[in-house]
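Inside the fold
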Amino acid sequence: MTKAEMDEKLRSVLTEQRYRHSIGVMETAMRLAEAWGVSVEKAEIAGLLHDCAKDIPHEVQEQMLRNRDVPLDKPTAASPQLWHAVLGAELIQEEYGVTDPEIINAVRYHTTGRAEMSLLEKIIYVSDCVEPNRTYDDREERLELAFTDLDKSFLGCINWSIKSVISRDRPAHPDSLAARNEIILKESLA
Ligand SMILES: [Fe+2]
Ligand SMILES: [Fe+2]
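For the structure given in this document, a descriptive report is provided here. Predicted model only: the values in this text are computed from it and were never measured. (Residues numbered from 1 in each chain as written. Chains lettered and ligands numbered in written order. Predicted model: local features only at pLDDT ≥ 70, side-chain atom pairs only at ≥ 80, totals over all residues. Heavy atoms only, no water.)

Quick look at the overall build of the protein
In terms of helices and strands, the protein carries eleven helices and zero strands. Listing every helix and strand of the protein by position from the N terminus yields α-α-α-α-α-α-α-α-α-α-α. When the backbone C-alpha atoms are referred to their principal axes, the protein occupies close to 45 × 35 × 30 Å. Within the protein, the fraction of its 190 residues that count as buried is 46%. Per element, the accessible surface of the protein, about 9,600 Å² overall, is 50% carbon and sulfur. Separation between the mean location of the 23 positive side-chain charges and that of the 34 negative ones in the protein comes to 4 Å. (Helix = DSSP H or I, 4+ residues; strand = E, 2+ residues; numbered from the N terminus. Buried < 20%, exposed > 50% of the residue type's maximum accessible area, 1.4 Å probe, protein only. Areas by Shrake-Rupley, 256 points an atom, 1.4 Å probe, with all protein chains shown as cover. Lys, Arg positive; Asp, Glu negative; His and termini not counted. Charge placed at Lys NZ, Arg CZ, Asp CG, Glu CD.)

Following this line, the structure appears as structure tokens:
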């Protein structure tokens, strides 16, 4: 599938607002990929497609995951907002013809993060959090920080995400805690 075909297909399955967000993530991810010496093309595809399953109703997402025998760990099963990443990693292969495992993992882990993330995975995670359509106070600083200290920018993003589930008495995913701890421990040893 060409990138133009991916773009057209994605546009047909997302709300206008989500599509705009996806373009923002794609453009941000491409700039960061360039800065960090990662494949700009992989960042482009992963950024564009990362939310391809997000506008599918949760009950349909659940059914689609079940039909594909995709196993969910307990905290993921209990957190419908995480399902679109797991399902998205399947759909980019089935519907968009993506075969690259690095792109697939960048989509798969864009909501939780995980320990030992690749640079591409971190770039997609951070881009999702700092793209220009997001509106929160220190967005711009966090975006700029991503060009000089990707881990520190990532930490700001994942702290926000973990705080948000904690404040709602929702489970914090162990992969998110592992990603966060890894960076903090690395920095404290430096
Ligand atoms: Fe997402
Ligand atoms: Fe997103």
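A look at a negative patch on the surface
On the surface, Asp137, Asp138, Glu140, Glu141 and Glu144 cluster together into a negatively charged patch. Structurally, the position occupied by glutamate 144 is in helix α9 (residues 139-148). (Patch = residues over 30% accessible without salt bridge, like charges linked within 9 Å, V, L, I, M, F, W, Y side chains within 5 Å. Salt bridge = Lys/Arg side-chain N within 4 Å of Asp/Glu carboxyl O.)

Concerning the coordination of the iron ion (ligand 2)
Looking at the iron ion (ligand 2), the protein donor atoms are His21 (NE2), His50 (NE2), Asp51 (OD) and Asp128 (OD), and they sit 2.2 Å from it. For the iron ion (ligand 2), the four donor atoms in the first shell make angles of 81 to 175° at the metal, a pattern classed as irregular. Written as a sequence motif, the donor residues of the iron ion (ligand 2) are H-x28-H-D-x76-D. The metal-metal distance between the iron ion (ligand 2) and the iron ion (ligand 1) comes to 3.5 Å, with aspartate 51 coordinating both. (Donors = N, O, S within 2.8 Å, 3.2 Å for Na, K, Ca; no water. Tetrahedral: all angles 85-135°; square planar, octahedral: opposite > 155°, others 65-115°.)

Considering the packing of helix α2 (residues 16-36) against helix α8 (residues 119-130)
Geometrically, a packed helix pair is captured by the angle between its two axes and the distance between the axes. Taken N-terminus to C-terminus, the directions of α2 and α8 make an angle of 135°; their axes are 8 Å apart at the nearest point. Between α2 and α8, the angle falls in the class oblique. The handedness of the crossing between α2 and α8 is right-handed. On the side of α2, the interface is formed by His21, Val25, Thr28, Ala29, Leu32, Ala33 and Trp36, while α8 contributes Leu119, Ile123, Ile124, Val126, Ser127, Asp128 and Val130. Of the residues that constitute the contact of α2 with α8, the class distribution is ten nonpolar, three polar and one charged. (Axes fitted to C-alpha atoms, helices over the stretch in contact; angles between N-to-C directions. Parallel < 35°, antiparallel > 145°, perpendicular 65-115°, else oblique. Left-handed = near helix turned anticlockwise from the far one by under 90°. Contact = heavy atoms within 4.5 Å. Nonpolar A, V, L, I, M, F, W, Y, C, P; charged D, E, K, R; others polar.)

Brief notes about the packing of α8 against helix α10 (residues 150-167)
Relative to each other, α8 and α10 sit at 55°, their axes nearing to 9 Å. By the angle between their axes, α8 is oblique relative to α10. Crossing handedness for the pair α8 and α10: left-handed. In this structure, α8 contributes Leu119, Lys122, Ile123, Tyr125, Val126, Cys129 and Val130 to the contact, and α10 contributes Leu150, Asp151, Ser153, Phe154, Cys157, Ile158 and Ser161. Residues belonging to the contact of α8 with α10 are distributed by class as follows: ten nonpolar, two polar and two charged.

Examining the coordination of the iron ion (ligand 1)
Within the protein, the iron ion (ligand 1) binds to Asp51 (OD), His84 (NE2) and His110 (NE2); these donor distances fall in the range 2.1 Å. Sequence positions of the residues that donate to the iron ion (ligand 1) give the spacing D-x32-H-x25-H. Judged by its relative accessible area of 2%, histidine 110 is buried.

Overview of the packing of aromatic side chains
Counted by the stated rule, this structure contains one aromatic pair. Over the face of the ring belonging to tyrosine 96 we find lysine 9, whose NZ or CZ atom lies 5.6 Å from the ring centre. The positively charged end of arginine 108 is found above the aromatic ring belonging to tyrosine 109, 4.7 Å away from the centroid. (Phe/Tyr/Trp six-rings, centres within 6.5 Å; stacked < 30°, edge-to-face > 60°. Lys NZ or Arg CZ within 6 Å of the ring centre and 35° of its normal.)

Considerations on the nonpolar core
One recurring pattern in soluble globular proteins: nonpolar side chains tend to sit buried together. The biggest cluster of nonpolar side chains holds 51 residues, and the ones touching the most others in it are Leu10, Leu49, Ile92, Val98, Val126 and Phe154. Among the elements that line this core, the one with the most residues is α8, at seven residues. Look past the residues within four positions of valine 98 in its chain and what remains in contact with it is Met6, Ile45, Leu49, Ile92, Gln93, Ile103 and Ile104. (Core = buried A, V, L, I, M, F, W, Y, C linked by side-chain atoms within 4.5 Å.)

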